[in-house]
Structure formats: C-alpha cells, structure tokens
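Each chain, letter by letter, is given below.
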Amino acid sequence: MSLGGAMDLSGLNPAQKQVVEHGSGPVLVVAGAGTGKTHVLTMRVAYLAIERKVPVDQILALTFTDKAAREMEERVDKLLPYGMLETRIMTFHSFGERILKEFGHDLGLPINMNLMSKAQQMVFLRQNLDNLELDYYAPIGDPASYLGSLASYFSRLSDELVSESKYDEFIKKLKNHSQDEADEVDSSRHQELLRAYRHYRRLKSEAGLVDYDDLISLVVELFDQKPNVLREVQQSIEHILVDEFQDTNRSQNRLLQQLAGPKGNLMVVGDDDQSIYRFRGAAVANILEFTDFYQDVTTIVLTENYRSSQQILDNAYRLIQHNNPDRLEPQQQINKYLTARTSGPEPQVWVLPTYSLEADALAIDIKRRLDEGQPASSIAVLLRKKNQADILAPALRRHNVEYRLADQLSLFEHPEVAILLQVLQVVVDPLDSGSLYHVMVSNLFGFDLSFLMEQASLARRRNLTLEAQLRQSEPVGETADRLDSFFELLEAWRRRSSELTAGQLLFEICERTGYINDYVKRSQSDAVAVLAVQNISRLFASIAEFERVATDKSAIGWGAVAESLREAGESPEAVEQEVAPSEIQLMTIHKAKGLEFETVYLFDLIKGSFPGSNRREAISLPSELAGELGVQPGERHLQEERRLMYVAMTRAKTNLIMTYSPDHGGKLRRKPSPFIEEALGQPAPELIEENKVAIIQQELELFRPTGRKASYSAPEHIFLTPHQIDDYLSCPANFHFRHIMKVPEPPAPALMYGTLIHEAINRYFQMRSKGGVSEKDLLLLVDKLWASDGFISVGQEQKRREQAVATIKAFIKRQDTQKDLPISTERSFEFNIDDINTTVRGRIDAIFQVGESIEIRDYKTSPIDDVKKADAKAKGSVQLAVYALAWRQMTGVVPDRTVLDYVETGVEGVYQPAAGDLEHTLKQIRQVAAGIRSGSFQPSGNCFYCSHPKEVKVAA
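As the structure is a computational prediction, the values presented were derived from the model and not from experiment. (Residues numbered from 1 in each chain as written. Predicted model: local features only at pLDDT ≥ 70, side-chain atom pairs only at ≥ 80, totals over all residues. Heavy atoms only, no water.)

(A) Representation of the overall build of the chain in the model. Helix and strand counts for the chain stand at 40 helices and 24 strands. For the chain, with 956 residues in total, the buried portion stands at 51%. As displayed, the chain has an accessible area near 44400 Å², and 47% of this comes from carbon and sulfur atoms. (Helix = DSSP H or I, 4+ residues; strand = E, 2+ residues; numbered from the N terminus. Buried < 20%, exposed > 50% of the residue type's maximum accessible area, 1.4 Å probe, protein only. Areas by Shrake-Rupley, 256 points an atom, 1.4 Å probe, with all protein chains shown as cover.)

(B) Seen up close, the sheet that holds strand S18 (residues 652–660). Across the sheet, which stays open at both edges, the 6 strands sit in the order S13-S18-S17-S14-S16-S15 with parallel pairing between neighbours. Two strands lie at the open edges of the sheet, namely strand S13 (348–351) and strand S15 (403–405), each paired on one side alone. For this sheet the average axis-to-axis angle between neighbouring strands, irrespective of direction, equals 20 degrees. (Pairing = 2+ DSSP bridges. Axes fitted to C-alpha atoms, helices over the stretch in contact; angles between N-to-C directions.)

(C) Expanded view of a negative patch on the surface. Together, Glu478, Asp481, Asp484 and Glu488 line one region of the surface with negative charge. As for its placement among the helices and strands, Asp484 is situated in helix H22 (residues 477–497). (Patch = residues over 30% accessible without salt bridge, like charges linked within 9 Å, V, L, I, M, F, W, Y side chains within 5 Å. Salt bridge = Lys/Arg side-chain N within 4 Å of Asp/Glu carboxyl O. Lys, Arg positive; Asp, Glu negative; His and termini not counted. Charge placed at Lys NZ, Arg CZ, Asp CG, Glu CD.)

(D) Molecular detail of the packing of aromatic side chains. Enumeration according to the criterion identifies 27 aromatic pairs in this entry. Ring geometry for Phe293 and Tyr294: centres 4.8 Å apart, planes at 80 degrees, overall edge-to-face. What makes Phe293 partly exposed here is its relative accessible area of 29%. A centroid spacing of 5.3 Å and a plane angle of 85 degrees characterise the contact between Tyr317 and Tyr337, whose relative ring orientation is edge-to-face. Here Tyr317, found in helix H14 (residues 310–320), pairs with Tyr337, found in the loop between helix H15 (328–332) and strand S12 (339–342); they are 20 residues apart in sequence, far enough to count as distant. Using a relative accessible area of 31% as the deciding quantity, one classes Tyr337 as partly exposed. An aromatic cluster is defined as three or more aromatic residues linked by ring pairs; in this entry it consists of Tyr764, Phe765, Phe811, Phe848 and Tyr859. The cationic tip of Arg384 hangs over the ring face of Phe610; the distance from NZ or CZ to the ring centre is 6.0 Å. Across from the ring centre of Phe447, 4.5 Å away, lies the NZ or CZ of Arg482, which sits over that ring. (Phe/Tyr/Trp six-rings, centres within 6.5 Å; stacked < 30°, edge-to-face > 60°. Lys NZ or Arg CZ within 6 Å of the ring centre and 35° of its normal.)

(E) Highlighting the packing of helix H9 (residues 214–225) against helix H10 (residues 227–235). Interaxial distance between H9 and H10 falls to 5 Å at its minimum, and their mutual angle equals 110 degrees. Compared by their axis directions, H9 and H10 come out roughly perpendicular. Taking contact as the criterion, the partners of Leu222, Phe223, Asp224 and Gln225 in H9 are, on H10, Pro227, Val229, Leu230 and Val233. Broken down by class, the residue content of the contact of H9 with H10 amounts to 6 nonpolar, 1 polar and 1 charged. (Parallel < 35°, antiparallel > 145°, perpendicular 65-115°, else oblique. Contact = heavy atoms within 4.5 Å. Nonpolar A, V, L, I, M, F, W, Y, C, P; charged D, E, K, R; others polar.)

(F) Representation of the pattern of salt bridges. Scanning the entire structure with this criterion turns up 54 salt bridges. Where Arg198 meets Glu164, a salt bridge forms, and the shortest distance between an N and an O atom there is 3.1 Å. In this pair, Arg198 is assigned in helix H8 (residues 181–207) and Glu164 in helix H7 (residues 164–176), connecting sequence segments 34 residues apart. The salt bridge involving Asp518 is made with Arg522; its shortest N-O contact spans 3.4 Å. Note that Asp518 and Arg522 are positioned in helix H24 (residues 515–522) at a spacing of 4 residues, about one turn of the helix.

(G) Structural context of the nonpolar core. Within the largest apolar cluster, 80 residues are counted, with the highest numbers of intra-cluster contacts made by Phe154, Tyr167, Leu470, Phe486, Leu539 and Trp558. The leading source of residues in this core is helix H18 (residues 415–428), at 8 residues. The residues contacting Phe486, other than those within four sequence positions of it, are Leu436, Val439, Met440, Phe445 and Phe447. Within the second largest apolar cluster, 40 residues are counted, among which are Leu100, Val219, Phe245 and Ile287. (Core = buried A, V, L, I, M, F, W, Y, C linked by side-chain atoms within 4.5 Å.)

(H) The arrangement of the packing of helix H4 (residues 92–103) against H9 in detail. Two elements in contact, H4 and H9, have axes separated by 8 Å at closest approach and are oriented at 50 degrees. Here H4 lies oblique to H9, going by the angle between them. Read as a crossing pair, H4 and H9 show a hand that is left-handed. Across from Phe92, His93, Gly96, Glu97, Ile99, Leu100 and Phe103 in H4, the residues of H9 making contact are Asp214, Leu215, Ile216, Leu218, Val219, Leu222 and Phe223. Class assignment of the residues belonging to the contact of H4 with H9 gives a composition of 10 nonpolar, 2 polar and 2 charged. (Left-handed = near helix turned anticlockwise from the far one by under 90°.)

(I) The arrangement of the environment of Arg369 in detail. Looking at the secondary structure, you find Arg369 in helix H16 (residues 355–371). Accessibility expressed as a relative area gives 10% for Arg369, which makes it buried. Residues Arg369 and Thr599 lie 230 residues apart in sequence; the distance between their C-alpha atoms is 9.5 Å. Non-local contacts of Arg369, meaning those with residues more than four positions away in its chain, are made with Gln374, Ile379, Thr599, Tyr601, Asn655 and Ile657.

(J) The sheet that holds strand S10 (residues 298–302), seen in detail. Strand order in the open sheet made by the 6 strands is S5-S4-S8-S9-S3-S10, with parallel pairing throughout. In the strand order of this sheet, the two ends are held by strand S5 (88–91) and S10, each with one partner. Taken over all neighbouring pairs, the strand axes of this sheet differ in orientation by 15 degrees on average, direction set aside. Sheet topology places strand S4 (residues 59–63) next to S5; 4 bridges connect them, and they run parallel.

(K) The confidence of the model for the chain, seen in detail. Scored by pLDDT, the chain has a mean of 84; 90% of the residues are at 70 or more. Scored below 50 in pLDDT, residues 702–711 shows 9 contacts in the model against residues more than four places distant or in partner chains. Every residue in residues 947–956 scores below 50 in pLDDT, and together they form 25 contacts with partners more than four places removed in sequence or on other chains. (pLDDT = per-residue confidence, 0-100.)

(L) Broad picture of helix H38 (residues 878–891). Taking 1.5 Å per residue, 14 residues should reach 20 Å; H38 reaches 20 Å between its end C-alpha atoms and fits that length. Buried residues dominate H38, accounting for 10 of its 14 residues. Of the residues making up H38, those classed as buried are Val878, Gln879, Leu880, Val882, Tyr883, Ala884, Leu885, Ala886, Trp887 and Arg888. For H38, the capping residue at the N-terminal end is Ser877, with a side-chain oxygen 3.4 Å from the backbone nitrogen of Gln879. In the segment just after H38, Gly892 is the residue with positive phi, at about 80 degrees. (Expected span 1.5 Å × (residues − 1). Polar contact = N/O pair within 3.5 Å; in protein donor to acceptor, adjacent residues only side chain to side chain.)

(M) The arrangement of the pairing of strand S17 (residues 597–602) in detail. Among the 6 residues that make up S17, 5 are buried, leaving the element largely enclosed by the rest of the structure. Where strand S14 (residues 379–383) and S17 come together, 4 bridges link them in parallel fashion. Across the sheet, Leu382 pairs through a bridge with Leu602, a residue of S17. Here 5 bridges tie S17 to S18, and the two strands are oriented parallel to one another. Counterpart to Leu602 in the pairing with S18 is Met658.

Next up, the structure:
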C-alpha cells in the first residue's frame with residue numbers, strides 16, 4: 001500500500017479518500033451498507049501513523065467484539081511498516097478494564113478488583129438473593145425466577161447511566177402523580193428495584209467485584225469525579241476512531257464525549273439505518289444527535305456500494321424511507337441513496353399456499369442452484385426467529401441440501417455437555433428421575449432402552465423415583481451386573497461430592513468413565529469430536545468461573561446456578577463449527593450482520609412474524625429513565641424491525657427472494673409482512689403461479705413416506721386428558737417423553753403446592769356442604785401434604801409455606817361470603833370421538849349453577865393479579881375449552897361461563913365459550929390424535945425436555 005514512502009490511496013473513491021485524509025476535529029462518517037467502512041477505518045489508522053506521524057499508541061480505535069477488533073488489528077498490521085508499536089485497537093469494555101486497572105484506586109476500587117463474567121454475576125445474585133430485600137420480584141413459588149431479568153435490568157440502569165439519585169427522583173414523581181392502586185403498586189415495585197440495585201452495588205463493592213457493565217459506567221463516573229485522571233488519559237490519546245457507532249449505548253457515548261470533548265479528534269463511523277441492537281441497549285439517538293454535542297462537525301457520507309445490485313439497493317432504500325422523519329438523512333439534510341457498481345434481477349416475492357410448501361419451494365430452488373454449480377457458501381436463508389428453522393431444516397434435508405444452522409445451541413444444550421451436567425445432577429439429587437433416565441441410556445453407560453422404559457413406567461405407577469424402582473428391581477444376567485456396577489460408581493461419587501468442588505468431581509467422573517479420552521481419540525479423525533472436546537473444555541472453564549465467586553463450590557451449588565443461567569439465557573457460548581464448503585447457511589438476521597451472500601432467501605415474511613411482536617421485558621426500564629421520550633414505544637419497535645429488514649435485504653449481492661404463505665394451519669389466514677409492500681412500492685402478490693406449485697408438489701411425491709416407521713407403534717385407541725392435549729399442542733416432544741415414554745421429571749415445589757391448595761379447596765366444599773368449615777382442620781393439610789424437595793433455600797421454603805397458609809385462609813374468607821355452592825366438585829367426565837378412535841377423560845374442579853346459568857371453574861395457584869391478563873388466559877386455556885366441550889357432550893348444552901380462579905390473588909379470568917370455540921377445540925383434539933398416530937413428536941423449544949436436550953427417537 002505504499003508508493004515511494006507514501007500511502008497509495010488510488011483504490012479509494014473520493015468520499016473514502018476524504019475520510020482517510022481528514023485533518024482534525026470531530027467527524028461523522030455515515031457509511032451505508034456495503035460501502036467499505038472497515039477498509040476505510042483501517043486505512044485511516046495507517047494514514048495517521050504513516051503520513052501524519054501520529055504515534056500508534058496515541059491512536060485509539062474502538063469496536064464492539066473481540067473478533068472485530070482482531071480483524072481490524074490484522075488489517076492495520078499489514079499496512080504499517082515493520083517495527084511500529086502495537087496498535088490500540090480494542091473493544092469498549094477492554095478499554096474500560098484497562099482504565100479501571102490503572103486508575104480504579106482513585107475511585108475507591110480495590111487494587112485486586114475482580115471482574116465478574118455474566119455467569120459469575122448470576123452466581124453472585126443467586127447466593128445473595130435473601131440480601132436483596134425482594135418481594136414482588138421473588139415470588140414464593142419460584143423466588144429465583146427473576147434473577148436473569150434483574151441482572152438485565154441492573155445492566156440497563158448501568159448502560160443508561162441511571163444513578164441511584166436519578167432513580168429516586170423518578171420514584172418520587174410516580175408517587176406524587178399516583179391516582180389509583182395500580183400507580184401505588186408501580187411506585188412500590190420501582191422502590192423495590194432501586195433498593196435491590198443499591199444492595200447489589202454495595203455487595204459488589206464489599207466483595208471487591210465489578211461486573212461487565214461497570215467497565216464503562218465506572219470509568220464515566222471516574223472521569224466525572226476525577227478531572228485530573230480524565231486529563232491524563234486525554235493527553236495519551238490524540239485520535240479516537242469508533243466502528244459501528246450506531247450500536248453504542250448511552251454510557252459508551254458519554255465516555256466518548258468525555259475523552260474527546262466537543263472539539264476533539266473523534267471519528268465515528270456508522271449507519272442509523274443499520275441500528276438493530278436496541279434489545280442490547282444500543283441507542284440510535286447517539287448517531288442522530290452526534291452534531292448536537294460536537295462543534296464544527298465534518299459529515300462525510302459513503303454512498304458507493306461495493307456489494308449489492310442497484311435493484312436490491314433501490315428496494316431497500318424505498319423500504320427504509322418509511323422510518324422518516326426519524327432518520328439521519330432528513331434530519332441532517334444529507335443524501336444516503338446508495339449507488340451500485342452492478343445490475344441484477346429484481347427482488348422476487350414467492351407466495352405459496354401453505355407453510356410446508358413454502359419451505360419445500362425454497363429447498364427445491366436451492367437444490368437447483370447447487371446443481372447448476374453455484375457454491376453453497378454463497379447461499380443463505382435468513383430468519384427473523386430461530387424457531388422458523390423447525391419447518392425449514394427438515395425440508396432442506398428432504399431435498400438433500402446440506403446446511404449449517406448458526407446460533408442453534410448454547411453450550412449447555414450441546415449433547416456432550418448436557419450429559420455431563422445431568423451426571424452431576426444425578427449425583428447430588430437422587431430424586432431427579434429425568435436426569436437419571438437420560439444418563440443411563442446415553443453413550444456414557446448405554447443401558448437398554450426398553451428395560452429403562454419399563455422401569456420408568458413401574459416407578460410412575462408405584463409413585464417411586466426411578467432410582468428407588470431400579471434398586472428394588474430384579475434384572476438378570478448382564479443387566480443385573482451392569483446395574484450393580486453403576487450404583488457402586490454412583491455411591492462413590494456421592495461420597496466424594498461432599499469433599500470435592502463441582503469441577504473436581506466432574507473431572508473425576510470423566511477420568512473414571514474415560515469420557516474425555518474417548519472424544520480425544522476420536523478427534524484424531526473426526527472434526528465433530530474436536531468441537532466436543534472444545535465444548536467440554538468450555539464447560540470446565542465455566543465451572544471454574546463459578547468456583548471463583550461462589551461460597552458453595554459444590555456440585556449442588558453449581559447445579560442451581562447452571563439452571564438459573566439456562567433459564568436466563570446466559571449459558572456460555574459453544575465453539576462455533578466452521579461452515580463446510582458443501583453447506584449453505586441458515587441463520588437469524590442479527591447473526592448475518594456484516595456478512596454478504598450472492599443469493600439470499602428471506603423466509604416466512606408474514607405479519608406478526610416480521611415485524612415481530614413488541615415483547616415486553618419481564619422488568620422493563622421506564623422510557624423516562626432511558627431517555628426515549630421522542631418516539632412512541634410501538635413506533636420505535638416498528639422502526640427497529642424495519643431496520644432489521646433493511647439489513648437482511650442488503651446482505652444479498654445479486655439474488656433476493658422473499659417468501660411467505662397464508663396457510664400455517666388453523667383457521668387464521670396469514671397476511672404478508674407490510675415490509676414487502678413498503679420495499680416493492682406495491683402490494684405483495686396473492687399467490688405464486690399455479691404451475692410452479694404443481695412442480696413443487698410433483699417433486700414432493702419423491703419424498704413422501706410409504707409407511708410408518710417400525711419402532712413406533714401407535715395405539716389402536718387413544719385416551720387423552722386435557723393436560724395431555726395441552727402438552728401436545730405446546731410441545732409434541734414434551735408429550736412424547738412425559739406420556740408415552742413416561743420419563744419422570746424432577747420434583748417441583750410448584751406442583752406440590754398446587755396439589756395441596758386443590759385438596760384444601762375440595763375439602764372446604766365438602767365441609768361446607770355438611771354444615772361447617774374448620775379452618776384448623778384445613779390448615780392441618782399443610783403439615784400433612786408438605787414436601788421440602790426442590791426449594792433453593794430454607795428461607796424460600798418458609799415463605800412458600802406461609803403463602804400456603806395465607807392462601808387457604810383468604811380462600812375461606814372469600815368463599816364464606818358466597819351463597820352458592822358448586823353442584824359438583826372434582827366431576828369426572830369421559831366422551832368418545834368415534835371416527836378417530838379417541839376418548840377424552842378428566843376431572844372438572846368445580847361446576848356452579850346460578851339460576852339457569854352453568855359455570856365451569858378451574859382453580860389456579862399462579863400469582864396473576866391483573867384481570868385483563870386473567871381473562872386472556874381463560875380465553876386461551878385449552879383445559880377450560882376441553883371442560884366446556886365435555887359439558888356439552890354430557891348435557892348437550894354449552895356452558896355459559898368458564899372461569900380461571902387465581903386463589904392467591906382472588907382475581908378471576910372469565911370467558912364465555914361459543915359453539916364455534918368448541919368446534920375449534922374438537923379440531924385441536926383431532927390434530928393431537930393424528931399427530932400421535934403418525935409418530936410426530938417434534939420439539940418446540942418451550943418445555944422441560946427441550947431445555948434439557950435429548951433426542952426424540954420414535955424410529956430405528
């Protein structure tokens with residue numbers, strides 16, 4: 001890149017050259033998709049060092065990921081002459097960590113401060129749960145359920161630089177403007193969150209710990225409080241360059257303002273149209289408001305695109321215009337229209353009649369391209385949601401299209417890691433029958449599947465754990481010997497578990513079984529085994545992180561934390577497998593950011609899927625604290641989704657194919673995503689050409705199965721309960737494991753608690769029908785039916801027990817004011833659907849008759865206290881719908897009301913079923929029966945068995 005000692009800039013276009021050669025002062029580089037921003041940034045660093053003679057160690061380049069920093073550093077190193085000092089190219093958090101290590105003592109941080117990873121933060125929160133003074137956010141039934149949400153909320157407070165005093169002022173305003181009980185609950189809830197945040201910060205400080213977000217917010221605090229430190233750091237930095245500026249959060253933006261000042265040498269590169277990480281705290285306002293803070297800003301717009309055809313760019317530009325006026329282009333009066341170097345076909349929209357045909361059409365077209373010689377690496381299918389791969393992946397396999405699904409599994413979900421976690425769980429918890437079952441049938445021990453299925457079924461019928469059943473079983477021959485050996489090993493590990501840490505115990509287990517050695521041997525010739533070894537290594541690293549922070553370093557302590565990490569979505573990342581040359585890529589749009597492909601398919605573009613629903617966070621930061629008052633939340637979400645669509649479209653170089661289908665099953669007809677019309681400038685087509693559908697259906701005949709696979713034999717007559725119907729509709733895999741294989745699940749306090757409250761309610765009505773209710777006798781049920789299994793601490797168990805007593809007392813008080821008694825409790829029902837050889841049977845909690853009206857009531861222990869939410873639950877309840885259908889089958893009359901009675905709060909969810917609703921329920925039952933007969937038990941990702949991964953095998 002040098003010519004006669006000077007850098008050769010001839011390969012740059014005029015705008016790029018202006019960026020590289022810029023003199024001094026703040027610069028906003030608006031770099032549209034595919035305009036070579038990374039190349040320009042690296043050239044700028046080299047130019048400053050070579051031409052402007054700026055010492056390399058006084059150039060600070062900041063980005064967001066270690067991978068991006070490494071790639072930029074490698075590019076710069078190739079441009080710089082040999083012997084120059086090491087460049088300062090790093091992530092924001094790496095920079096913050098360096099500053100805190102050097103100057104943290106000025107802020108009162110200990111010299112030996114320790115940085116907590118996200119996993120360690122969850123450990124810290126869990127073991128300090130009782131010190132956070134939580135009530136609303138530590139429900140007695142599942143006190144750890146909000147830990148992940150609390151960690152995320154504390155992170156947002158830090159990212160948004162919300163001080164304790166600022167939060168306190170917000171709460172005071174809430175109280176002053178309180179108008180009703182809901183407002184009072186809201187202010188009380190925020191008071192609890194502030195109190196917990198204070199405790200969390202204090203506890204961290206006392207332990208000498210900082211979390212990931214502190215690396216920025218504490219540096220901002222340091223610079224605010226110690227201007228001498230800020231001046232010293234400023235004097236060591238002459239130029240600052242920032243990549244992907246649109247992805248910065250408010251604390252990162254404030255840090256840049258401190259370092260550069262209003263007139264400093266700060267160059268930020270970004271594109272507001274590609275800001276897609278608001279869920280991580282990114283504030284698009286940072287780039288929109290850049291010129292408000294900095295003085296004499298030079299704005300340079302890169303519009304020459306080196307990636308996509310003009311046809312793709314024009315459609316993407318037409319789409320993003322719908323975000324006006326909240327874009328940089330109209331606000332700054334600049335031109336962001338991208339010009340391409342190539343031309344190509346217009347983007348296509350395919351409309352298939354059904355969801356399955358849509359998947360097959362896409363697979364067939366990809367296969368055609370591959371057969372014609374297009375490289376697999378140049379083809380990608382981009383998804384808005386990961387679960388869209390559930391229908392697409394089987395279609396690709398049917399048509400022999402190899403693919404790599406990015407972001408598929410977290411570390412804890414990988415089979416080689418999941419089985420080790422289950423082994424530890426079996427060691428510390430003899431009652432965890434589910435984990436025991438999967439450990440024994442795994443490759444680790446390889447017990448006969450039919451033997452264990454039989455024993456699991458016996459355990460269920462006898463109300464025993466699987467371990468208890470196996471210990472009293474009398475197998476013969478080799479199975480008996482292997483079972484004895486297995487339990488000898490298990491007892492030895494349980495004895496050792498009190499002496500060893502979780503990591504030491506797991507290592508001993510791996511050595512004794514030869515588990516790791518087996519993978520190591522296979523890794524000599526098997527790339528998959530190499531990844532397995534690397535993932536196991538990451539598991540041990542994660543456990544080591546846990547042990548550095550945890551007070552209870554045992555396997556029991558680790559198991560509780562691992563479950564919290566899994567529930568919070570904070571499981572460590574697994575090792576990424578390289579994409580093979582023969583594999584196309586299947587990934588989410590977020591994952592595709594920064595990539596490009598010759599051919600891109602955007603799959604399942606329907607309204608409700610893209611744009612996706614604006615899901616409310618479990619604990620959401622008020623917009624007043626987040627500084628997001630300019631745009632309404634709904635519009636802000638729609639704009640972010642539109643930017644995501646823009647990013648997806650501009651990943652394509654030549655071919656862009658968008659697909660959708662109106663029929664996804666059920667009565668509801670799906671509408672196309674409004675983004676299609678916004679991009680095309682005209683409504684989406686109604687249906688793909690009939691001849692193309694015929695061709696797809698003809699090709700599908702080649703893949704149609706000729707018969708059911710032999711290893712799964714559907715029953716001649718199917719018996720279903722309302723719970724089983726609900727289980728299948730929610731997750732067929734869950735149904736398969738729970739009701740066909742009958743694999744026991746670990747004990748759940750919530751289930752025990754629900755059984756106890758239901759029994760108390762039933763006893764109450766029995767007593768009252770006989771003339772008198774004894775509160776004392778009802779409360780004795782708490783002692784009689786209580787079980788301590790599964791609670792995470794003694795304190796939490798005690799809270800739950802007190803809740804049981806309070807709930808029973810409140811129910812008695814509420815019911816004593818009611819005149820009407822149920823005409824039936826625990827009413828059994830059974831009805832047949834003859835044409836599909838299916839019987840539905842179950843019990844209805846209570847049936848009331850008020851005048852001529854019939855009301856079916858189901859009692860729930862969930863702490864729902866919102867009537868609208870309760871009504872929605874009642875309307876969508878499969879269980880209530882089946883009860884209503886059963887009543888019609890028994891009496892010929894549709895019940896007038898169905899009610900979900902939330903006994904802890906006294907809130908009732910009410911729904912009035914119509915005849916059409918019952919027909920829909922009948923259709924659902926037919927769907928379940930058909931799925932069972934065909935052996936269709938695919939996982940949905942929403943149940944216990946999906947979060948504890950294992951293969952669902954119904955065939956050899």
